[in-house]
Amino acid sequence: MTNSDDETFGRKNKSALKRQSTALQKIGEILVALPEPQLNKVPLDQQLLDAVNVARELKSHEALRRQLQYIGKLMRNIDAEPIQAALEKIEGTHQQNKAQFHQMERWRDKLIAEGDIALQKFLEQYPDADSQRLRQLIRKSQLDQKNNKKTGGETELFRYLRDVIET
């Protein structure tokens, strides 16, 4: 009987079990690295949550490695699908936030570089924005760049753009 025959009869071969164990351990590493608010959104049983919290406090590389193996072992005894789905949702939200952040940066740079032309395009896309306030912030940012100063004009403009785009 070959290894493929083992899988056909419902048993996994040693290599497949090792791959599955490593994958679960990788999920454990992701859980350990998550910030606390995001970790709270992941459906974990108490024993697994305790193991993740212990791993977060470990400083020794070897101790952390062993704790991650333990987390992987715990995950073999539970259904990892809800955990994986929650992590994918968190990652999707993170990617969306990152894309929106880059969009705001592009608008800021374009408004500073092009002035009124870009302002008209921005106001077409976001008609609720205060054009007078935007012009003031753009001028302040342009003056900062011209004089090679940092008075916070770009930061103010970015914050205003964030408020407009997020609402």
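What counts as what
- Counting restarts for each chain: residues are numbered from 1 in the order of the written sequence.
- With the structure being a predicted model, the display of local features is reserved for residues of pLDDT at least 70 and the display and counting of side-chain atom pairs for 80 or more, all residues being used for whole-chain, interface and lining totals.
- Only heavy atoms go into the side-chain values, all of them from the structure, while hydrogens and water stay out.
- Strands here are runs of E lasting at least two residues and helices are runs of H or I lasting at least four, both read from the DSSP assignment and numbered beginning at the N terminus.
- Each residue gets one of three labels from its accessible area relative to the maximum for its type: buried under 20%, exposed over 50%, partly exposed in between, using a 1.4 Å probe on protein chains only.
- Note on definitions: a residue-residue contact is assigned when non-hydrogen atoms from the two residues lie within 4.5 Å.
- Residues belong to a common nonpolar core when they are buried Ala, Val, Leu, Ile, Met, Phe, Trp, Tyr or Cys residues joined through side-chain atoms within 4.5 Å.
- Two rings belonging to Phe, Tyr or Trp (six-membered ring only in the last case) form a pair when the distance between their centres is within 6.5 Å. Interplanar angles under 30 degrees mark stacking, angles over 60 mark edge-to-face geometry, and anything in between is tilted.
- Salt bridge, as used here: a side-chain nitrogen of Lys or Arg that lies within 4 Å of a carboxyl oxygen of Asp or Glu.
- We call two N or O atoms a polar contact when they sit within 3.5 Å, provided that within protein one can donate a hydrogen and the other can accept it, with sequence-adjacent residues counted only if both atoms are side-chain atoms.
- Take the residue count of a helix, subtract one, and multiply by 1.5 Å to get its expected span.
- Note: the arc covers the axis-to-C-beta directions of the helix.
- Only C-alpha atoms enter the line fits that serve as axes; for helices the fit covers just the stretch in contact. Angles between N-to-C directions range over 0 to 180 degrees.
- Any angle between 65 and 115 degrees counts as roughly perpendicular, while under 35 counts as roughly parallel, over 145 as roughly antiparallel, and the rest as oblique.
- Rotating anticlockwise by less than a right angle from the far helix to the near helix defines a left-handed crossing, while the corresponding clockwise rotation defines a right-handed one.

### Here's the deal with the overall build of the protein chain
Phase 1: Regarding its fold elements, the protein chain presents nine helices and zero strands.
Phase 2: Reading the protein chain from its N end, one meets helices and strands in the order α-α-α-α-α-α-α-α-α.
Phase 3: Classification of the 167 residues of the protein chain by burial places 32% in the buried group.
Phase 4: Within the protein chain, contacts between residues at least 6 apart in sequence are counted, and of these 51% link residues at least 24 apart.

### A short note on the nonpolar core
Phase 1: Counting 21 residues, the largest nonpolar core has L31, V42, I71, M75 and I83 as the members making the most contacts within it.
Phase 2: Among the elements of the structure, α2 (14–33), α4 (46–57), α5 (61–76) and α6 (81–114) are those that each provide at least two residues to this core.
Phase 3: Leave out the neighbours within four places in its chain, and M75 touches L24, I27, G28, L31, L48, A80 and I83.
Phase 4: If you look at the next biggest cluster of nonpolar residues, it comprises 19 residues, including M104, L119, L137 and I165.

### Digging into the packing of aromatic side chains
Phase 1: In total, this model carries three aromatic pairs according to the counting rule given.
Phase 2: Taking the centre distance of 5.3 Å and the plane angle of 65 degrees together, the rings of F101 and F158 count as edge-to-face. Of the two residues, F101 sits in helix α6 while F158 sits in helix α9 (residues 153–166), which places them 57 residues apart along the sequence.
Phase 3: Judged by relative accessible area, which is 37%, F101 ranks as partly exposed.

### Things to note about the pattern of salt bridges
Opposite charge on two side chains lets them pair, provided their charged atoms get close.
Phase 1: All chains considered together, the criterion is met by seven salt bridges.
Phase 2: A salt bridge links R108 to D109, with the shortest nitrogen-to-oxygen separation between them at 3.2 Å.
Phase 3: Connected through salt bridges with shared partners, the residues E62, R65 and R66 form a single ionic network.

### Some details on the environment of D50
Phase 1: Within the secondary structure, D50 sits in helix α4.
Phase 2: A distance of 2.8 Å separates the side chain of D50 from the side chain of Q46, its partner in a polar contact.

### Considerations on the side chain of D144
Phase 1: As for its position among the elements, D144 is in helix α8 (residues 131–147).
Phase 2: A polar atom in the side chain of D144 sits 3.2 Å from the backbone nitrogen of G153.
Phase 3: Setting aside residues no more than four positions away along its own chain, D144 makes contact with K149, T151, G152, G153 and E154.

### Focus: α8
Phase 1: Taking 1.5 Å per residue, 17 residues should reach 24 Å; α8 reaches 24 Å between its end C-alpha atoms and fits that length.
Phase 2: Along α8, the residues classified as buried are L134, L137, I138, S141 and D144. The buried residues of α8 occupy one face: seen down the axis, they fall within an arc of 125 degrees. Exposed side of α8, more than 90 degrees from the buried face: Q132, R139 and K146 are the residues found there.

### Digging into the packing of α2 against α5
Phase 1: Across the interface, α2 lies against α5 with an axial gap of 8 Å and an inter-helix angle of 115 degrees. Comparing their axes, α5 and α2 come out roughly perpendicular. For the crossing formed where α2 meets α5, the hand is right-handed. Side by side, α2 and α5 meet where S21, L24, Q25, I27, G28, E29, L31 and V32 of the first sit next to R65, L68, Q69, I71, G72, M75 and R76 of the second.

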